[in-house]
Amino acid sequence: MTDFNPDTPFDKPSACHAQATEAVLLALRTSPHAGLGSDEAVRRLHLCGANALPPPPRRGALMRFLLQFHNVLIYVLLVSGVVTTLLGHLVDAAVIFGVTVINAVIGFLQEGKAERALDAIRDMLAPHAHVLRDGRRQEVAADALVPGDIVFLASGDRVPADLRLLDVRSLRIEEAALTGESLGVDKSIAPVSADAPLGDRTSMAFSGTLVSYGQGVGVVVTTGAATEIGRISTLLGAVEGMSTPLLRQMAGFSQFLTWVILAIAVAAFVFGTQIRDYSAGDMFIAAVGLAVAAIPEGLPAVMTITLAIGVQRMARRRAIIRRLPAVEALGSVTVICSDKTGTLTRNEMTVQRVICADGEVGVTGTGYAPQGGFERERRELGVTEAPLLADIGRACLLCNDAELSLHDSQWRMVGDPTEGALMTLALKAGSDPRLEREALPRDDVIPFESEHRFMATLHHDHQGKARVMLKGAPERVLALCSVSRRLDGEPSPLDADAWQQAMDEAAGAGMRLLAVAERSATGGERTLTFADVEAGGFTLLAVLGITDPPRPEAVQAVASCLAAGMRVKMITGDHAATARAIGQQLGLAADVRVLTGAEIERLDDARLTEVVRDVDIFARASPEHKLRLVQALQARGEVVAMTGDGVNDAPALKRANVGVAMGHKGTEAAKEAAEMVLADDNFASVAAAVEEGRTVYDNLRKAIAYILPTNIGQAAMVFCAVLFGLTMPITPVQILWVNMVTAVTLALALAFERPEADIMTRPPRAPDEPLLNGLLAWRIVFVGFLLVAGGMGLFLWEVARGASLEAARTAAVNALLMGEVFYLFNVRNLYASVLSRDGFLGNRYVLLAIVMLAVCQAMFTYLPAMQGLFGTEPLGGDVWLRILGFGVVLLCAVEAEKLVLRRFFRRDEAHLRQACPTHSPGSES
């Protein structure tokens, strides 16, 4: 017993896993028999703080709303709005400010929705703990634990703090969330090496992990942020997030566009004042009108709404997008770094191989669902033709403390994962738990202990016959067996060499091995002792190969990602052999290369950056290793997506360009760090997200290629008026009307275009690829010129016919929009022809947008209130025919330009398709 004086200050011992229990208790000034006193616990709580992770930093609602304006293009719009206000054009300014506010509201509401969804699943630490205080056992809130508290653990408990174990009884703890290792860890009280990795510190129980089997007692050594989970939380806070390619490109594009617009406006001002002798005041107004015409006010709203539509599509696939640009960023991903346990695998142990005296039997099905059966030499094997399988199932069921149950079409396991796998095997073999336990009730048990490495149970049937079931480490069980049994149920000599060869092959495939045996006993036995088991005489039934297998859908998803030009790398805390076997089953590469955490430690950052590209699996990786690996890949210019579900994944999730957390089995730390949360934990959704991201990017480029010609056309009309000394063919308020209705109606229809047929066979686009390449820039200028010719031509025509200035401007505005209507069909496919039924009728949103625009333009032209606001007049039927004719001419001109490009690039069609992404007309959301 450790002497305890409550007045003596306690120390916080270091490397508790390497110290004897007495030394730890002495340093903490606590007693294993009485615990802390209530007053001392209160004092320590005040000193150390609550046992809770610090809440994630949250911005207030006002700050989140204001940050929606933190964008260069938005700054340009705001400055334009201020200047327009100062010039007295209040209607124009109201429209500009209205666009920016709508954009901000959409982003604000989406972020709030995602945060509320994550708040609903926040529950990281155990809510209560059983402790020893004042000499008696009591239940306290987990956040009230302090260093020195004596804590009791039982199967099913979540460890409430970091504990140095004082006593264990068959204690096994699942640490997958912390270390990434899928198998439970058998705990002991013996000190381990001071430099032992986290997963090998068997004398410790870590906060947030789950007790799967047995009981234990431990003393709290660290709480809250000082725990291993808290340390990762601190590491997470120091990680800088990455900007997405879209945000970087939009920032660069906006700056470029800003300088071009300013240069043109200044040039117009200088030309008007110096060459045309206009007054500085008049030319300043004209220059501002030109700038307002050139700025695509609706582009931020279209970009945000296009991303939001991508979010809605992902939501239908059970994915929560926490940050809008992450949807598009997925489309540029070149490398996916994935955790193994629970992401590429199910985190559900499964028996996949049965080794018996006369060969091996494969087991189909994955997870705890008892769906599947047995096969041998690619032929289904029934239990009736292999009676041994029924015996194996009975032994696995009876020598077992786990429970399987079906809830809401989901099979759930309570107990140790390995025993859960044995229960599933028993059900596949046709065993009925209730009938088997009634026929052979259990009399006694020797639970599994790491010292003797087996579990044995004693059973009696109703005729008084006794039977001992045994399972454990193969080398331990084989030593107790004298004979084996064939599949047909007949005995067979025990060939130790043959068994060892088969076990070596299974172990080389990354399987965990467990032997199952049985023995008849005298009917008078009612207790089971070690001496009874050590007497031997068992019949070896089988050696079982157990793994946490890949998800079937993950195998397909990996193949899809590789076909799309992306590399998939596994980063796991598990052992190298296990990780390699899973990697081979997933098809990560023809020759899977593995690098361990110890080898990563010996590499500096420069060398790691060199080797990271060619390595497929990183095993025994710590959180720091995962973070270094993501940074090394990014240093090579890769766009990295990181998937994971554990606390140990959180820092890398935050650093990655796109972090993807698992929503069902993922920890709160992982969800908080990620941009996207998969509600169904399905890795296959990552490939779908990449497809959706590429689609969003394609649609954004199409929207830009559609919106900018309008701005160029309007700005050029104003510039031509200045250049040739003409009356302004379009007023600033009419310019804003055209920009807004184009963006709100026509351009939004492009956001609903579905993925193109070849979208997942293209290589990832380069992260530095500009939004506008040479071909798109040419298309924008070409269409802009056509719009100038049509709008300016109709304006001059109407003026020459004696129409009023208001009527001529009304015709010019409607000509611009009619050209945009027909160009909308052109832009649905930037390369192929749209002169087909599908090209015109394939997207119902395009048709709906045209109807909405027609209504808007009818109001704009004929409604008296709108006439007064925008300075318009009604048009006659002959004018509308000329306007319609211009639209048809524009459609045919662009299709002719496509035909020329197709013929010119016939020998390099792949290059043209990369420059102008293809699309199959006729798609809709």
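Just above, that's the structure.
Note that the structure is predicted; figures quoted are calculated from it, not measured. (Residues numbered from 1 in each chain as written. Predicted model: local features only at pLDDT ≥ 70, side-chain atom pairs only at ≥ 80, totals over all residues. Heavy atoms only, no water.)

A. Region of interest: the sheet that holds strand β23 (residues 567–571). Taken in spatial order, the eight strands line up as β8-β28-β27-β26-β9-β23-β25-β24 in an open sheet, and their pairing is mixed. Lying at the two open borders of the sheet, with one neighbouring strand each, are β8 (319–321) and β24 (594–596). Within the sheet, the average angular offset between the axes of one strand and its neighbour, ignoring direction, is 20°. Packing of helix α26 (residues 684–724) onto the sheet brings it into contact with β9 (335–338), β26 (640–644), β27 (658–662) and β28 (676–678), and relative to β28 it is tilted by some 140°. (Pairing = 2+ DSSP bridges. Helix = DSSP H or I, 4+ residues; strand = E, 2+ residues; numbered from the N terminus. Axes fitted to C-alpha atoms, helices over the stretch in contact; angles between N-to-C directions. Contact = heavy atoms within 4.5 Å.)

B. Inspection of the pattern of salt bridges at higher detail. Scanning all chains against the criterion turns up 39 salt bridges. Between Arg-201 and Glu-228 there is a salt bridge, with its nearest N and O atoms 3.9 Å apart. Residue Arg-201 is located in the loop between β5 (185–186) and β6 (204–205), and its partner Glu-228 is located in helix α7 (residues 228–237); the two are separated by 27 residues in the primary sequence. A salt bridge links Glu-518 to Arg-485, with the shortest nitrogen-to-oxygen separation between them at 3.2 Å. Linking Glu-518 in strand β21 (residues 512–521) with Arg-485 in strand β19 (residues 481–485), this pair joins segments that are 33 residues apart in sequence. Classification of Glu-518 as buried rests on a relative accessible area of 8%. In this structure Arg-485 comes out as buried when scored by relative accessible area, which is 15%. In this structure, a network of salt bridges that share partners links the residues Asp-391, Arg-394, Glu-436, Arg-485 and Glu-518. (Salt bridge = Lys/Arg side-chain N within 4 Å of Asp/Glu carboxyl O. Buried < 20%, exposed > 50% of the residue type's maximum accessible area, 1.4 Å probe, protein only.)

C. Quick peek at the pairing of strand β10 (residues 350–356). In terms of burial, β10 is a largely internal element, seven of the seven residues being buried. Two elements, β10 and strand β22 (residues 538–547), share five bridges in a ladder whose sense is antiparallel. The residue bridging Thr-350 from the neighbouring strand is Thr-547, located in β22. With four bridges joining them, β10 and strand β11 (residues 359–363) adopt antiparallel strand pairing. Across the sheet, Ile-355 pairs through a bridge with Glu-360, a residue of β11.

D. Structural detail: empty space enclosed by the protein. Per the counting criterion, the structure on display carries three cavities of 30 Å³ or more. In this model, the second largest cavity occupies a volume close to 40 Å³. Those elements giving two or more residues to the lining of the second largest cavity turn out to be β10 and α14 (417–428). Considering each element in turn, the lining of the second largest cavity owes the most residues, four residues, to α14. Taken together, the residues of the lining of the second largest cavity sort by class into five nonpolar, three polar and one charged. (1 Å grid on protein atoms, 1.4 Å probe; cavity = no way out; pocket = protein on both sides within 12 Å on 5 of 7 lines; lining within 4 Å. Points joined across faces, edges and corners; volume = space filled by probe spheres on them. Nonpolar A, V, L, I, M, F, W, Y, C, P; charged D, E, K, R; others polar.)

E. How the structure looks around the pairing of β23. β23 sits mainly inside the fold: four of its five residues count as buried. Inspection of the sheet shows β9 paired to β23 by four bridges, in the parallel sense. In the strand pairing of β23, Val-335 is matched with Arg-567. Sheet analysis places β23 next to strand β25 (residues 617–619), joined by two bridges and oriented parallel. Bridge pairing links Ile-571 to Phe-618 in β25.

F. Looking closely at the side chain of Thr-810. Mapped onto the elements, Thr-810 comes out in helix α29 (residues 805–827). Judged by relative accessible area, Thr-810 falls into the buried class, the value being 0%. Among the polar contacts made by the side chain of Thr-810, one reaches the main-chain carbonyl oxygen of Glu-806 at a distance of 2.7 Å. Within the local environment of Thr-810, its side chain forms a polar contact with the backbone nitrogen of Glu-873, the two atoms lying 3.1 Å apart. Thr-810 has contacts with Thr-861, Gly-871, Thr-872, Glu-873 and Leu-875, leaving out every residue within four places of it along the chain. (Polar contact = N/O pair within 3.5 Å; in protein donor to acceptor, adjacent residues only side chain to side chain.)

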